[in-house]
Amino acid sequence: MHTPTYSTLLPLLRAACASFLLLAASACGSAPTQDDAPPAPGNAGLLAQIQAEVGAAACDSTQQCQTIAIGAKACGGPERYLAWSSKGNDGKKLKALAQAQAEASRKQQQADGMMSTCSIVTDPGATCEAGRCVLQKGGLGGSAAM
């Protein structure tokens with residue numbers, strides 16, 4: 001009898017968790033008062049383009065790490081921030097994609113009559129960790145692209 005190992009179970013566990021999260025998000029996504037709604041269907045392509053433009057966010061130093069506001073809350077402000085690297089990327093395309101995605105979010109929320117808690121999402125700043133730009137923990141601040 002073969003005993004499953006961690007390395008054989010991990011992919012199955014990840015797939016199960018991802019499926020559960022997608023199911024949970026789709027079940028909650030229709031609530032008009034949900035504050036952290038998943039991206040509207042029209043925004044999914046823009047969000048994928050943003051993720052592709054950010055890529056691995058490779059960095060040599062924290063000075064290359066920046067943040068960009070993503071999405072839009074129903075009563076104003078971004079939904080969240082992403083860390084990105086200026087190493088080999090001037091950010092122009094990324095900024096344009098983020099603005100287009102935020103505008104699409106606002107239009108979708110308005111069409112759906114979405115509401116929000118109006119909580120403020122502050123820019124956490126970004127830092128270079130293990131050669132990759134990541135958001136800082138604890139809201140220490142940083143340089144924003146928008």
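Residues numbered from 1 in each chain as written. Predicted model: local features only at pLDDT ≥ 70, side-chain atom pairs only at ≥ 80, totals over all residues. Heavy atoms only, no water.

Any two side chains of opposite charge can pair, given that their charged atoms come close. For the structure shown, the criterion picks out 3 salt bridges. Two residues, Lys93 and Glu53, come together in a salt bridge whose shortest N-O distance is 3.9 Å. With Lys93 in helix α3 (residues 92-112) and Glu53 in helix α2 (residues 41-54), this pair connects stretches of sequence that are 40 residues apart. Lys87 is the salt-bridge partner of Asp60, the closest N and O atoms lying 3.1 Å from each other. Here the residue Asp60 occupies a position in the loop between α2 and β1 (65-70), and Lys87 occupies one in the loop between β2 (80-85) and α3, the gap between them amounting to 27 residues. (Salt bridge = Lys/Arg side-chain N within 4 Å of Asp/Glu carboxyl O. Helix = DSSP H or I, 4+ residues; strand = E, 2+ residues; numbered from the N terminus.)

Our focus in this paragraph is the confidence of the model for the chain. On average, residues of the chain carry a pLDDT of 75, and 65% of them reach 70 or more. Within the model, pLDDT remains below 50 along residues 16-41, and this stretch shows 18 contacts once partners closer than five positions in the same chain are excluded. Confidence drops under pLDDT 50 across residues 142-146; counting only partners more than four residues distant or on other chains, this segment forms 19 contacts. (pLDDT = per-residue confidence, 0-100. Contact = heavy atoms within 4.5 Å.)

So, on to the side chain of Gln101. On the secondary structure map, Gln101 appears in helix α3. Owing to a relative accessible area of 2%, Gln101 belongs among the buried residues under this scheme. A polar contact is formed between the side chain of Gln101 and the backbone nitrogen of Gly71, at a distance of 2.8 Å. Leaving out residues up to four positions away in the same chain, Gln101 has contacts with Asn43, Leu46, Leu47, Ile50, Ile70 and Gly71. (Buried < 20%, exposed > 50% of the residue type's maximum accessible area, 1.4 Å probe, protein only. Polar contact = N/O pair within 3.5 Å; in protein donor to acceptor, adjacent residues only side chain to side chain.)

This part is about the nonpolar core. Counting residues in each nonpolar core, the largest one holds 18 residues, and the members touching the most others are Ile50, Val54, Ile68 and Ile70. At the level of secondary structure, the elements contributing two or more residues to this core comprise α2, β1, β2, α3 and β3 (126-129). The dominant element in this core, judged by the number of residues it contributes, is α2, at 4 residues. (Core = buried A, V, L, I, M, F, W, Y, C linked by side-chain atoms within 4.5 Å.)

If you check α3, its first and last C-alpha atoms are 30 Å apart, about what 21 residues at 1.5 Å a residue would give, namely 30 Å. In the stretch just after α3, Gly113 is the one whose phi turns positive, near 70 degrees. (Expected span 1.5 Å × (residues − 1).)

What follows concerns the pairing of β1. Among the 6 residues that make up β1, 6 are buried, leaving the element largely enclosed by the rest of the structure. Across the two faces of β1 the burial is the same, with Cys65, Thr67 and Ala69 and Gln66, Ile68 and Ile70 all buried. Judged from the 6 bridges that link them, β1 and β2 form a sheet pairing that is antiparallel. Opposite Ile70, over in β2, you have Arg80 as the bridge partner. (Pairing = 2+ DSSP bridges.)

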